[in-house]
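# A look at the structure
Here's the letter readout for the chains.
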Amino acid sequence: MKVILMGPPGAGKGTQARQIAEKYRIPQLSTGDMLRAAVKAGTPVGLKAKSAMESGSLVTDDIVVGIIADRTQEADCKNGYLLDGFPRTLAQAEALDTMLAQRKQAIDKVIDIRCDDEPLVGRITGRRTCSQCGEGYHLQFKPTKKSGVCDKCGGSLTQRADDNEATVRSRLAVYHQQTAPLIDYYRKQGNFSSVDGMQGMDQVLASLCAILG
Ligand code: ADP
Ligand code: ADP
Ligand code: ZN
């Protein structure tokens, strides 16, 4: 099962992808997570990606396509994977199609999590992540029991450097300009669906699972 989860920043891609990955036993491939790990480790890819990520613009297509081409060849991707945050441009979608065609493979489902812009600003500025296990939280919508401490592992919560209001607004603009056109691209391929991302997290998950079967 190969699935693409699309949606604007803050739509809930990461939140949902973690749960789907667990339920369907396929890995969650988040280009954002992989790029943040590369920046942290100071790898050549990380050095190239850093400034684009900080300003809320996109990292170049060749970097993310390269990351995905390599990652999808790893053993845990044999029975499928869930793409979270990739593709984000038409060029990335076309590169993915070419890569899969060469491997005689195809994407099974593309699901868009639809959201209004304004609530996304609050979702992103309130987003917190466990520095140890990566669990996602929200100051209002998914608070931890003890302030600043992960419920699951006791790790301390961090806020992403790009999760401030100014950067969020440019990420939303980038989304509308460069990523939203992919909805039409995938609709034409016939394996596209969308869910209402303004519902509560559990309802969004139920809607996604209904599509995935
Ligand atoms: P994305 O990966 O699409 O950028 P996240 O999954 O990280 O989005 O979610 C962004 C923030 O919004 C997180 O803090 C998360 O806890 C919260 N969130 C996710 N889904 C919902 C929802 N349906 N309702 C309210 N808050 C949500
Ligand atoms: P969010 O879900 O909140 O938008 P991500 O973690 O998916 O954030 O991405 C964070 C940043 O990483 C993006 O703003 C962008 O700079 C970079 N990035 C992630 N995925 C891609 C991609 N497929 N193409 C280009 N840049 C990407
Ligand atoms: Zn944790």
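Here is a short report on the structure shown in this document. (Residues numbered from 1 in each chain as written. Chains lettered and ligands numbered in written order. Predicted model: local features only at pLDDT ≥ 70, side-chain atom pairs only at ≥ 80, totals over all residues. Heavy atoms only, no water.)

### A closer look at the side chain of T144
Rules: Here a helix means four or more residues in a row that DSSP labels H or I, a strand means two or more in a row labelled E, and each is numbered from the N terminus. Think of it in three bands: with a 1.4 Å probe and only protein chains considered, a residue is buried below 20% of the maximum accessible area for its type, exposed above 50%, and partly exposed in between. N or O atoms closer than or at 3.5 Å make up a polar contact, with two conditions inside protein: a donor-capable atom paired with an acceptor-capable one, and, for residues adjacent in sequence, both atoms drawn from side chains. Contact criterion: two residues are considered in contact whenever any of their non-hydrogen atoms come within 4.5 Å of each other.
Among the structural elements, T144 can be located in the loop between β6 (136–138) and β7 (157–158). When its relative accessible area of 15% is taken as the criterion, T144 is described as buried. A polar contact is formed between the side chain of T144 and the backbone oxygen of K146, at a distance of 2.7 Å. Contacts of T144, omitting those with residues within four sequence positions, involve Y137, V149, C150, D151 and L157.

### Some details on the site of ligand 2
Rules: Whether a residue is near a molecule or strand depends on its heavy atoms: it is near if one of them lies within 4 Å of it. Surface accessibility follows the Shrake-Rupley procedure with a 1.4 Å probe radius. Residue values consider only the protein chains on display as shielding. Residues are grouped as follows: Ala, Val, Leu, Ile, Met, Phe, Trp, Tyr, Cys and Pro are nonpolar; Asp, Glu, Lys and Arg are charged; every other residue, Gly included, is polar.
Surveying the vicinity of ligand 2 reveals 19 residues, the closest of which are T31, S57, R88, R127 and R171. Measuring from an oxygen atom of ligand 2, one finds a side-chain N or O atom of R88 at 2.7 Å. With respect to ligand 2, the side chain of Q92 contributes an N or O atom lying 3.0 Å from a nitrogen atom. About the coverage of ligand 2: the protein hides 97% of its 550 Å² of free accessible area. By residue number, the principal contributor to the shell around ligand 2 is helix α2 (residues 31–41), which donates four residues. The class makeup of the residues in the shell around ligand 2 is seven nonpolar, five polar and seven charged.

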